[in-house]
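# Coordinate inspection notes
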Amino acid sequence: MTSVEIRGITKSYQPGVPVLKPLDLVVNPGELFFLLGPSGCGKSTLLRILAGLVEPDAGSIRFNGTEITKLPPEKRRAAMVFQNYALWPHLSVYENVAFGLRAAGEKKADIDREVKAALELVRMAEYADRRIPSLSGGQQQRVALARALAVKPALLLLDEPLSNLDARLRDTMRREIRRICKERQLTAIYVTHDRQEALSMADRLAVMDQGVIRQIDTPERAYNAPAEKFVASFLGDANFIEGEYDGAGRWNTPFGVLACDGTAGKPAGNLCAMIRPERIRIGTELGMNTIPAVLTGRSFTGESCEWEFEAAGRKIVVTESAPPERKLGETFPLLLPPDQLIVLQ
Ligand code: ADP
Ligand code: MG
């Protein structure tokens, strides 16, 4: 199992346009780590730097404590899986998976054993003789994964590997990739812009924005306790409430004074908190931390309902599973539990 240590990595493709600002990150041995962020934030650039395909302007990379920043790709034992599979269409499944092992000059019997084991792992053993164009997108991605696994990489790098697959297949492959990484005890770094993918698969994740890591955390902590607005919105729907905090327990918001657990120890001044739509409760009577709000919209998704409310001229979104009938235009008390109001930086 390999640890990865990234220190002060920077990259610009054009002078004066930094794509990665000094960036630090440690990935633990055996971890399935996600780089999550919007398109263009520098995720693929960082992954390519790890693979040795792009040279950083500054900084260092260590695998298991050994600096590899200047090593060529073939000496790094990092295998990459791409969104477009990058398979050789004229070769069979078997030959595609064997390719890296042949290039490394492995013995025929070893190649055969590794190829079979890798195809077994991705459940493609019976397709060994098939040609690539005869396979579905999902099967091609499994072959690409087998090819990466066959070389027994110290580090597996995946760049949006499921983006070309339809939603149901993506769901199956998420579970499969996680199973394989855990079975093989692989250290893997997985790039995606899809928050569901990152939240459902990651041991830990880094939320990136414009070449900067905004937060590194477990999916649960990043979702429940985001450090800042960008992370809160990128990981899910969020209601933001801005107010003036007096430094002594009173937080004046457009909805009146609200209690909020996270204010403890905060200095007086402007204070913004967020609350997830599913953490707000639609009550029956007014009480502490309850605000009267008019129901203005409804959107039913099957497993839940997203209600839109208006209070003090502001929109509040609330989601409910197993929602009862509610009439638009009526006023409801919304309870914002003090421990669900997360103070942002
Ligand atoms: P992501 O994978 O998060 O979408 P990328 O790392 O691909 O982001 O790109 C980050 C930024 O760097 C983008 O603005 C992109 O246009 C630019 N970029 C990426 N590769 C190159 C390149 N080879 N030459 C010039 N600019 C590039
Ligand atoms: Mg990319």
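In what follows, the structure referred to is the one given above.
Since this is a predicted model, take the numbers as computed values, not measurements. (Residues numbered from 1 in each chain as written. Chains lettered and ligands numbered in written order. Predicted model: local features only at pLDDT ≥ 70, side-chain atom pairs only at ≥ 80, totals over all residues. Heavy atoms only, no water.)

## Observations regarding the packing of aromatic side chains
Centre-to-centre distance and the angle between the planes together describe a pair of aromatic rings. Using the following cut-off: Two aromatic rings from Phe, Tyr or Trp, using only the six-membered ring of Trp, form a pair when their centres are within 6.5 Å; if the ring planes differ by under 30 degrees the pair is stacked, by over 60 it is edge-to-face, and anything between is tilted. Secondary structure elements are defined from DSSP: runs of H or I of at least 4 residues count as helices, runs of E of at least 2 residues count as strands, and each element is numbered from the N terminus. Whether a charge lies above a ring is judged from NZ of Lys or CZ of Arg, which has to be within 6 Å of the ring centre and within 35 degrees of the ring normal.
Summed over all chains, the structure comprises four aromatic pairs. Taking 4.3 Å as the distance between ring centres and 20° as the angle between the ring planes, the aromatic pair formed by Phe34 and Tyr190 counts as stacked. Placement of Phe34 in strand 3 (residues 32-36) and of Tyr190 in strand 8 (residues 188-192) is noted, with a sequence separation of 156 residues between them. When the ring centre of Phe240 is taken as origin, the NZ or CZ atom of Lys229, which lies over that ring, is 5.1 Å away. Above the plane of the ring of Phe332 lies Arg326, whose end atom (NZ or CZ) is 5.3 Å from the centre.

## Comments concerning the packing of helix 3 (residues 108-121) against helix 4 (residues 137-150)
Test applied: To get an axis, a line is fitted to the C-alpha atoms, and for a helix only the part in contact is used. The angle between two axes follows their N-to-C directions and goes from 0 to 180 degrees. For this classification, under 35 degrees means roughly parallel, over 145 means roughly antiparallel, 65 to 115 means roughly perpendicular, and everything else is oblique. For a crossing to be left-handed, the near helix must be turned anticlockwise from the far one by less than a right angle; the clockwise case is right-handed. In this analysis, two residues are considered to be in contact whenever any of their non-hydrogen atoms come within 4.5 Å of each other. Classification convention: Asp, Glu, Lys, Arg as charged; Ala, Val, Leu, Ile, Met, Phe, Trp, Tyr, Cys, Pro as nonpolar; all other residues, Gly among them, as polar.
Packing of helix 3 against helix 4 brings their axes to within 9 Å, and their N-to-C directions diverge by 135°. As summarised for this structure, helix 3 and helix 4 are arranged oblique, according to the angle between their axes. The interaxial crossing formed by helix 3 with helix 4 has right-handed handedness. Note on element contacts: helix 4 touches helix 3 through Ala146, Leu149 and Ala150, opposite Glu114, Ala118, Leu119 and Leu121. Split by residue class, the contact of helix 3 with helix 4 holds six nonpolar, no polar and one charged.

## A few points about the site of ligand 1
For the record, the criterion: One heavy atom within 4 Å of a molecule or strand makes the whole residue count as near it. Contacts described as polar in this section are N or O atom pairs within 3.5 Å, which, within protein, must combine one atom able to donate a hydrogen with one able to accept it, while residues neighboring in sequence count only if both atoms come from side chains. Every accessible area reported is derived by Shrake-Rupley at a probe size of 1.4 Å, with residue values counting cover from the shown protein chains alone.
Taken together, Tyr13, Val19, Pro38, Ser39, Gly40, Cys41, Gly42, Lys43, Ser44 and Thr45 make up all the residues around ligand 1. Contact distances for ligand 1 include 2.6 Å between an oxygen atom and a backbone N or O atom of Gly40. Gly42 places a main-chain nitrogen or oxygen 3.1 Å from an oxygen atom of ligand 1. Across the complex, the protein chains shield 55% of the 560 Å² of accessible surface that ligand 1 would expose by itself. The element that contributes the greatest number of residues to the shell around ligand 1 is helix 1 (residues 43-51), accounting for three residues. Taken together, the residues of the shell around ligand 1 sort by class into four nonpolar, five polar and one charged.

## Thoughts on the sheet that holds strand 14 (residues 269-275)
Each strand in a sheet pairs with another by means of backbone hydrogen bonds, the pair being arranged parallel or else antiparallel. This is how it is decided: Whether two strands pair depends on DSSP finding at least two bridges between them.
Across the sheet, five strands lie side by side as 13-12-11-14-20; this open sheet has antiparallel pairing. For this open sheet the edge positions go to strand 13 (256-258) and strand 20 (342-343), each flanked by a neighbour on one side alone. The pairing of strand 14 with strand 20 spans two bridges and is classified as antiparallel. Looking across to strand 20, one finds that Met274 is bridged to Ile342.

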